[in-house]
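For reference, the chains in residue letters:
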Amino acid sequence: LANAFFHNKDYVNAEKSYRKFASSFSGDDYFIAAAHGGIAASLQAQKKYQEAAQAFEKAANKYESVLAPNFLIQAGRCYANLGDNAKAKAVYQKVIEDYPKATEKDEALMLLSMLGE
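Note that this is a predicted model, so its numbers are computed, not measured.

A. Quick peek at helix H6 (residues 85–98). With 14 residues, H6 extends 20 Å from end C-alpha to end C-alpha; this agrees with the ideal 20 Å at 1.5 Å per step. Every buried residue of H6 is listed here: Ala 88, Val 91, Tyr 92, Val 95 and Ile 96. Along the axis of H6, the buried positions cluster into a sector of 145°, meaning they face one direction only. Residues of H6 that are exposed and point over 90 degrees away from its buried face: Ala 86 and Glu 97. In this structure, the buried residues of H6 make contact with helix H4 (49–62), helix H5 (68–82) and helix H7 (104–114).

Okay, here's the thing in structure tokens:
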């Protein structure tokens, strides 16, 4: 249901649905991590960049899954949208250092270079 709301650009209800799922689901951490990523993406789509960045970082740090590098990239994008290039650079650097084999590493390198690194 949350994905349906998100794809229909109803980001407020998507966020609510992802939150409900994340708080009530007791199964695989991958699905909980994905729900937290959905919360963050919903906040990002609402242009609540500070909250979104924090939510993406929390999801990446709490759930060390294959989703973590992407969550960090999205956190960096949120920080960049806020004009906080130092935080954006820090999360991009974390992707490069902590996930050297992730496909997101190249994206992090490119985003760093766009910020002047």
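B. Focus on the side chain of Ser 42. Along the chain, Ser 42 turns up in helix H3 (residues 29–45). Once you skip the residues sitting within four places of it in the chain, Ser 42 turns out to touch Phe 6, Tyr 11, Ala 14, Glu 15 and Tyr 18.

C. Up close: the environment of Ala 88. You can see Ala 88 is positioned in helix H6. Residue classification places Ala 88 among the buried positions, given a relative accessible area of 0%. Residues Ala 88 and Leu 115, 27 residues apart in the sequence, show an inter-C-alpha distance of 8.6 Å.

D. Inspection of the packing of aromatic side chains at higher detail. Tallied over the full model, the rule gives five aromatic pairs. Aromatic side chains Tyr 30 and Phe 31 sit 5.8 Å apart centroid to centroid with 85° between the ring planes, which places their arrangement in the edge-to-face category. Taken together, the ring pairs in this structure connect Phe 21, Phe 25, Tyr 30 and Phe 31 into an aromatic cluster.

E. Molecular detail of the environment of Ala 22. Secondary-structure assignment places Ala 22 in helix H2 (residues 11–24). C-alpha of Ala 22 to C-alpha of Lys 87: the two residues are 65 residues apart in sequence and 26 Å apart in space. Non-local contacts of Ala 22, meaning those with residues more than four positions away in its chain, are made with Ile 32, Ala 35, His 36 and Ile 39.

F. Structural context of a nonpolar patch on the surface. Residues Phe 21, Tyr 30, Phe 31 and Val 66 make up a contiguous nonpolar surface patch of roughly 400 Å² in combined accessible area. Counting through the fold element by element, Phe 21 comes out in helix H2.

G. Spatial organisation of the confidence of the model for the chain. On average, residues of the chain score 93 in pLDDT, and 99% of them are at 70 or above. Mean pLDDT values for the elements of the chain range from 91 in H3 up to 97 in H5.

H. Up close: the nonpolar core. Membership of the largest hydrophobic core comes to 37 residues, with the highest contact counts inside it found for Phe 56, Phe 71, Ile 73, Cys 78, Tyr 79, Tyr 92 and Ala 108. Listing elements by their share of this core, those giving two or more residues are H2, H3, H4, H5, H6 and H7. Non-local contacts of Ala 108, meaning those with residues more than four positions away in its chain, are made with Ile 73, Tyr 92, Val 95 and Ile 96.

I. Summary view of the side chain of Gln 44. Summarising the element assignment, Gln 44 is placed in helix H3. Classification of Gln 44 by relative accessible area gives buried; the value is 18%. Once residues lying within four places of it in the same chain are set aside, the contact partners of Gln 44 are Tyr 49, Ala 52, Phe 56, Gln 74, Arg 77 and Cys 78.

Analysis parameters
Residues numbered from 1 in each chain as written. Predicted model: local features only at pLDDT ≥ 70, side-chain atom pairs only at ≥ 80, totals over all residues. Heavy atoms only, no water. Helix = DSSP H or I, 4+ residues; strand = E, 2+ residues; numbered from the N terminus. Expected span 1.5 Å × (residues − 1). Buried < 20%, exposed > 50% of the residue type's maximum accessible area, 1.4 Å probe, protein only. Arc of directions from axis to C-beta. Contact = heavy atoms within 4.5 Å. Phe/Tyr/Trp six-rings, centres within 6.5 Å; stacked < 30°, edge-to-face > 60°. Patch = residues over 30% accessible without salt bridge, like charges linked within 9 Å, V, L, I, M, F, W, Y side chains within 5 Å. Areas by Shrake-Rupley, 256 points an atom, 1.4 Å probe, with all protein chains shown as cover. Salt bridge = Lys/Arg side-chain N within 4 Å of Asp/Glu carboxyl O. pLDDT = per-residue confidence, 0-100. Core = buried A, V, L, I, M, F, W, Y, C linked by side-chain atoms within 4.5 Å.

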